[in-house]
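Inside the fold
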Amino acid sequence: MPPHEGKVFQTRIVNIHEFQAKQLLGQRGVAVPSGTICSTPDEVRAAAEKILSAGAGAVVVKTQIHAGGRGKGTFKSGYKGGVKVVKSAEDASETAKNMLGNVLVTKQTGSDGRLVSRLLVEPGAKIKKEYYLAVLLDRAVSRPLIMASSEGGMDIEEVAAKTPEKIIKEWIDPAVGIMPYQTRKVAAALGLKGDLISQASKLIIGIYKTWWECDASMVEINPLGIVEENGKDFLRVIDAKIGLDDNALYRHPDIEGMRDLGEEAPLEIEASKHSLNYIKLDGNIACLVNGAGLAMATMDIIQHYGGSPANFLDVGGGASKEQVTAAFKIILSDPHVNGILVNIFGGIMDCNVIATGIVAAAKETQLNLPLVVRLEGNNVRAGKETLTHSGLELISGETMADAAQKIVKAVGSR
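Before going into details, it helps to say that this report is about the structure given with it. (Residues numbered from 1 in each chain as written. Predicted model: local features only at pLDDT ≥ 70, side-chain atom pairs only at ≥ 80, totals over all residues. Heavy atoms only, no water.)

**Some points on the pattern of salt bridges**
- Counted according to the given criterion, the structure contains 18 salt bridges.
- Put simply, Lys126 and Glu228 hold a salt bridge, and the shortest N to O gap is 3.7 Å. On the criterion of sequence distance, the pair formed by Lys126 in strand S9 (residues 126–138) and Glu228 in strand S12 (residues 216–229) is long-range, its members being 102 residues apart.
- Judged by relative accessible area, Lys126 falls into the exposed class, the value being 51%.
- Exposure remark for Glu228: the relative accessible area of 29% places this residue in the partly exposed category.
- The closest approach of N and O atoms between Glu170 and Lys185, which form a salt bridge, is 3.1 Å. (Salt bridge = Lys/Arg side-chain N within 4 Å of Asp/Glu carboxyl O. Helix = DSSP H or I, 4+ residues; strand = E, 2+ residues; numbered from the N terminus. Buried < 20%, exposed > 50% of the residue type's maximum accessible area, 1.4 Å probe, protein only.)

**Some remarks on helix H3 (residues 89–99)**
- Inspection of H3 places Ala89, Ala92, Ser93, Thr95, Ala96 and Met99 among the buried residues, and these make up the whole buried set. Axial view of H3: buried residues confined to an arc of 160°, hence all on one face.
- Buried residues belonging to H3 abut helix H2 (41–53), strand S3 (59–63), strand S4 (74–75), strand S5 (83–86) and strand S8 (119–123).
- One or two residues past the end of H3 sits Gly101, with phi positive at roughly 80°. (Arc of directions from axis to C-beta. Contact = heavy atoms within 4.5 Å.)

**Regarding the nonpolar core**
- Formed by 39 residues in total, the largest nonpolar core has its most connected members in Leu133, Leu192, Ile207 and Ile221.
- Broken down by secondary-structure element, the contributors of at least two residues to this core are helix H1 (18–26), S9, strand S10 (143–149), helix H5 (180–189), helix H6 (195–213), S12, strand S13 (232–237) and strand S14 (240–245).
- Ranked by residues supplied to this core, first place goes to H6 with seven residues.
- Filtering out sequence-adjacent residues up to four positions away, Leu192 remains in contact with Tyr131, Ala187, Ile197, Ala200, Ile226 and Leu235.
- Core analysis: the second largest hydrophobic core is formed by 32 residues, Ala286, Ile340, Met349 and Ile354 among them. (Core = buried A, V, L, I, M, F, W, Y, C linked by side-chain atoms within 4.5 Å.)

**Concerning the packing of aromatic side chains**
- Within this structure, the stated rule accounts for four aromatic pairs.
- Taking the ring centre of Tyr79 as reference, the NZ or CZ of Lys84 above it sits at 5.2 Å.
- Directly above the aromatic system of Tyr131 lies the positively charged group of Lys129, at a separation of 5.5 Å from the ring centroid. (Phe/Tyr/Trp six-rings, centres within 6.5 Å; stacked < 30°, edge-to-face > 60°. Lys NZ or Arg CZ within 6 Å of the ring centre and 35° of its normal.)

**Focus: the sheet that holds strand S6 (residues 103–105)**
- One open sheet holds the three strands; their spatial order is S4-S6-S7, and the pairing between them is antiparallel. Each end of this open sheet is capped by a strand with a single partner; those strands are S4 and strand S7 (114–115).
- In this sheet, S7 lies alongside S6 in antiparallel orientation, the contact comprising two bridges. When the bridges of S7 are listed, Leu104 appears paired with Arg114. (Pairing = 2+ DSSP bridges.)

**Comments concerning the packing of H2 against H3**
- Direction vectors running N to C along H2 and H3 enclose 150°, while the axes themselves pass 8 Å from each other. The angle between the axes of H2 and H3 places the two elements in the roughly antiparallel class. Crossing geometry of H2 relative to H3 is assigned as right-handed. Residues Pro41, Val44, Arg45, Ala48, Glu49 and Leu52 of H2 touch H3, and the partners they reach there are Ala89, Glu90, Ala92, Ser93, Ala96 and Lys97. (Axes fitted to C-alpha atoms, helices over the stretch in contact; angles between N-to-C directions. Parallel < 35°, antiparallel > 145°, perpendicular 65-115°, else oblique. Left-handed = near helix turned anticlockwise from the far one by under 90°.)

**What to know about the sheet that holds S3**
- Strand order in the open sheet formed by four strands is S2-S8-S3-S5, and the pairing between neighbours is antiparallel. The sheet terminates laterally at strand S2 (36–38) and S5, the two strands that pair on one side only. On average, adjacent strands in this sheet sit at an angle of 25° to one another, irrespective of strand direction.
- Pairing between S3 and S8: five bridges, direction antiparallel. Across the sheet, Val59 pairs through a bridge with Pro123, a residue of S8.
- Along the sheet, H3 makes contact with S3, S5 and S8, crossing S5 at roughly 165°.

**Some thoughts on the packing of helix H9 (residues 292–304) against helix H13 (residues 400–412)**
- Interaxial distance between H9 and H13 falls to 9 Å at its minimum, and their mutual angle equals 50°. Judged by the inter-axis angle, H9 sits oblique to H13. Crossing of H9 against H13: the hand is right-handed. Only Met400, Ala401, Ala404 and Val408 of H13 make contact with H9, whose side of the interface consists of Leu294, Ala297, Thr298, Ile301 and Ile302.
- For the contact of H9 with H13, the class distribution of residues is eight nonpolar, one polar and no charged. (Nonpolar A, V, L, I, M, F, W, Y, C, P; charged D, E, K, R; others polar.)

**Section: the pairing of S13**
- Sheet topology places S12 next to S13; six bridges connect them, and they run antiparallel. What sits directly across from Glu229, in S13, is Lys232.
- From the end of S12 to the start of S13, which pair antiparallel, there are two residues, and Asn230 there has a positive phi angle of about 55°.

**Quick look at the environment of Gln323**
- Examined against the element boundaries, Gln323 turns out to sit in helix H10 (residues 321–332).
- Expressed as a C-alpha distance, the spacing of Gln323 and Leu190, which sit 133 residues apart in the sequence, is 50 Å.

**Describing unusual backbone geometry**
- Cis rather than trans, the peptide bond between Asn222 and Pro223 has omega equal to 10°.
- When you line up the elements, Pro223 lands in strand S12.
- Phi angles above zero are rare outside glycine, and Ser142 is one such case at about 55°.
- One can find Ser142 in the loop between S9 and S10.
- Residue Asn230 is not a glycine yet carries a positive backbone phi of 55°.
- With respect to the helices and strands, the residue Asn230 is situated in the loop between S12 and S13.
- The exposure class assigned to Asn230 is exposed, which follows from its relative accessible area of 81%.

This is how it looks when you write it as structure tokens:
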């Protein structure tokens, strides 16, 4: 039986490092730089010497973390920039000493930043023009979408906000696959000419093939650059990002082996072990809900009544007592949590199973935080009786709005 069988599907995006994304792209015919992954300054020096001896005029040293904006980031040590272009092996080694073992903070990491343990060392390129190119799924029409822009090196959201006319979109029929005329259409819309159109066509096909074969949610090249090599212009992938659908990882053991758990939130890793869908947020009211839509609505209504959700946690439609207990332990592992709202609408879910799990978890963890429970649906009477006779100090919510107001009030009075 496949490991996903019997589960309620919720998509969680698994990221991999830039150097790994380039490996997957290169395997499918995409032109990527020949880089070396390093974990010590000596390894960086050796890689730089090899690159420079091969005729390159510069070396690029790039931090490998699961976050964008590395070049504009700042290390907590005060050293600025997670991407550096240097001219000598000595400078590359010194750069590595400032990066390795230090924490880099970017717009995407938050104030905690990310510890840098690996660096990608590549030949420096003479970039003449930068573009944006991505393949993703357009859920509105259930088709793959190629999205491109002449404004490379920028966040695509910023381009969409300021110059939406510069975003090119081309939808692919999944039954037919990408057609050569579509790649040429995108290349022409980007303003490419001559041999660069055929290069772009091959590159776009390779990127689409990577997206399709790897079950990716998105393959993003930003920037895609025109670089000058030996007096000629070539299209090269300068930076690459791939996000993968974790529901499909069982089909790709090689890609699953690329996961860097050190880059993933520890509580999210623990949740995945119990088939729970958990994402940590910045608030102080924890949510335990069944169903992604209900979970989103629960977070919204907490916010509406003046609270701040601490997490998204969907236990799914058929959670067991053990899963509910695990969910409580994960919630309570977050030191910012000051209260818990359980919001269950039992369709497939048996409310009494949830109630039994709540009681077991609260007693096992010696819960001393405000707990508001709203149960509705399948076997709700038995569930409420279990909670009533549990001896727990909990607050009952009759409706979702009532439960949200009560937990916000309880947390606010602490």
